Structures are given as C-alpha cells and as structure tokens.
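Below, each chain spelled out in residue letters.
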Amino acid sequence: MSYDDQNIFAKILRGEIPCDKVFEDEFALAFRDIRPQAPVHVLVIPKSNYVSLADFGAQASPYLVHGFFQAVAKVAKQLGLQESGYRVISNAGPDSHQEVPHFHVHILGGGPLGPLLAT
Ligand code: 5GP
C-alpha cells in the first residue's frame with residue numbers, strides 16, 4: 001500500500017488541521033485522540049511517512065525507529081503514566097480496523113484498562 005499524503009494525520013503534521021498537541025520532537029508528534037477510549041488516550045505519530053507498523057518496521061532506518069520509540073516512552077512519562085502503567089497499541093491493516101493510514105501508536109492509561117481486547 002502506498003502512502004496517501006491526504007490522510008488526516010498527514011494534514012495534522014502539515015498544520016492544516018489542528019490537534020491537541022502534548023509532545024513534539026524531531027521524530028514524532030503526539031496529540032490527544034479525538035474520541036478517547038481511556039482517561040488518557042494519546043496518539044504518537046512519526047514525522048516520516050509510513051502507512052503502518054509493518055511499513056515502518058520494514059522500511060524505516062534504525063535511527064528513525066529508535067527516535068520514534070524513545071519519543072513514545074517520553075510521552076508516556078510526560079503524561080504521568082510511567083508508575084501507574086499504560087498500554088501501547090498499533091493497528092495495522094484491515095483486520096485491525098486501522099482507520100488512518102499513517103503509522104501511529106495509541107498510548108492508553110489513566111486508570112485500570114480491563115482486558116486487552118473487547119469480547
Ligand atoms: P486507528 O484505528 O487508525 O488505529 O486509530 C485512529 C485514531 O485516530 C482513532 O482512535 C480516532 O479517534 C483518531 N482520529 C481520527 N481522526 C482524528 C482527528 O482528526 N484528530 C484526532 N486527534 N484524532 C483523530
């Protein structure tokens with residue numbers, strides 16, 4: 001699947017659509033999910049254009065992968081979740097119901113999260 005630069009997160013990265021930003025560095029932008037599914041629900045996206053985790057893991061340089069996941073850990077710490085705990089999820093492809101085709105992870109926390117998957 002080729003990268004569609006009209007996806008909603010590409011527009012957020014370009015500043016064409018606003019977001020509730022919580023963190024930014026050279027690798028990543030983090031902002032609150034518009035439809036939160038936990039008391040804290042933040043999305044972290046790389047500043048580089050990859051469709052999914054599969055794409056990012058296969059194609060991105062070790063420098064970008066390292067920088068991105070360092071940013072994810074920094075965001076969780078900044079959100080005050082390091083001690084209480086949190087969950088990181090990345091949907092990839094149709095079975096996961098990935099909605100936005102720009103690689104991202106969800107950071108969920110702020111309270112007990114329940115089972116990993118809804119039944
Ligand atoms: P996915 O299903 O692709 O893993 O998750 C996409 C997430 O992006 C969803 O949780 C959805 O609520 C969120 N989302 C979709 N559009 C927007 C938007 O315009 N702004 C923000 N902040 N979140 C969005």
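These lines cover the structure that appears in this document, whether it is placed above or below.

Once that is clear, we can look at the nonpolar core. Generally speaking, nonpolar side chains in soluble globular proteins are found buried as a group. If you look at the biggest cluster of nonpolar residues, it comprises 21 residues, and the most contacted ones within it are A30, V42, V44, F68, V75 and I107. Looking at this core, the elements that each hand over two or more residues are β1 (21–24), β2 (28–32), β3 (40–46), α3 (62–78) and β5 (105–109). In terms of residue count, α3 provides more of this core than any other element does, five residues in total. When sequence neighbours within four positions are dropped, the list of residues in contact with V44 reads A28, L29, A30, F68, V72, V75, F103, H104, V105 and I107. By size, the runner-up hydrophobic cluster in this structure holds seven residues, among which are F9, I12, L43 and V100.

So, on to the site of the ligand. Around the ligand, 16 residues are found, and the nearest of them are D33, N91, E99, H104 and H106. One nitrogen or oxygen atom from the main chain of R32 is found 2.9 Å from a nitrogen atom belonging to the ligand. Contact distances for the ligand include 2.7 Å between an oxygen atom and a backbone N or O atom of E99. Considered on its own, the ligand offers 520 Å² of accessible surface; in the complex 90% of this is hidden by protein. The set of elements that each furnish at least two residues to the shell around the ligand consists of α1 (8–13) and β2. Among the elements that line the shell around the ligand, the one with the most residues is α1, at three residues. In terms of residue class, the shell around the ligand is made up of seven nonpolar, five polar and four charged.

Below, the discussion takes up the pairing of β1. Pairing of β1 with β2 involves three bridges; the strand directions are antiparallel. Residue pairing for β2: E24 is matched across the bridge by L29. The loop that links β1 with its antiparallel partner β2 comprises three residues.

Turning to the packing of aromatic side chains, a few remarks are in order. Within this structure, the stated rule accounts for seven aromatic pairs. The interplanar angle of 25° and the centroid separation of 4.7 Å between the aromatic rings of F56 and F103 together place this pair among those described as stacked. You can see F56 sitting in helix α2 (residues 53–59) and its partner F103 sitting in the loop between β4 (86–89) and β5, a full 47 residues away along the chain. Here F56 and F103 have matching classes, each one buried. Summarising the aromatic geometry, the rings of F68 and F103 are spaced 5.1 Å apart at their centres and angled 55° between planes, so their arrangement reads as tilted. Within this pair, whereas F68 is found in helix α3, its partner F103 is found in the loop between β4 and β5, the two being separated by 35 residues in sequence. For the residue pair F68 and F103, the accessibility class agrees, reading buried in each case. An aromatic cluster of three or more residues is present, and its members are Y50, F56, F68, F69 and F103.

Calculation criteria
- Residues numbered from 1 in each chain as written.
- Predicted model: local features only at pLDDT ≥ 70, side-chain atom pairs only at ≥ 80, totals over all residues.
- Heavy atoms only, no water.
- Core = buried A, V, L, I, M, F, W, Y, C linked by side-chain atoms within 4.5 Å.
- Buried < 20%, exposed > 50% of the residue type's maximum accessible area, 1.4 Å probe, protein only.
- Helix = DSSP H or I, 4+ residues; strand = E, 2+ residues; numbered from the N terminus.
- Contact = heavy atoms within 4.5 Å.
- Near = heavy atom within 4 Å.
- Polar contact = N/O pair within 3.5 Å; in protein donor to acceptor, adjacent residues only side chain to side chain.
- Areas by Shrake-Rupley, 256 points an atom, 1.4 Å probe, with all protein chains shown as cover.
- Nonpolar A, V, L, I, M, F, W, Y, C, P; charged D, E, K, R; others polar.
- Pairing = 2+ DSSP bridges.
- Phe/Tyr/Trp six-rings, centres within 6.5 Å; stacked < 30°, edge-to-face > 60°.

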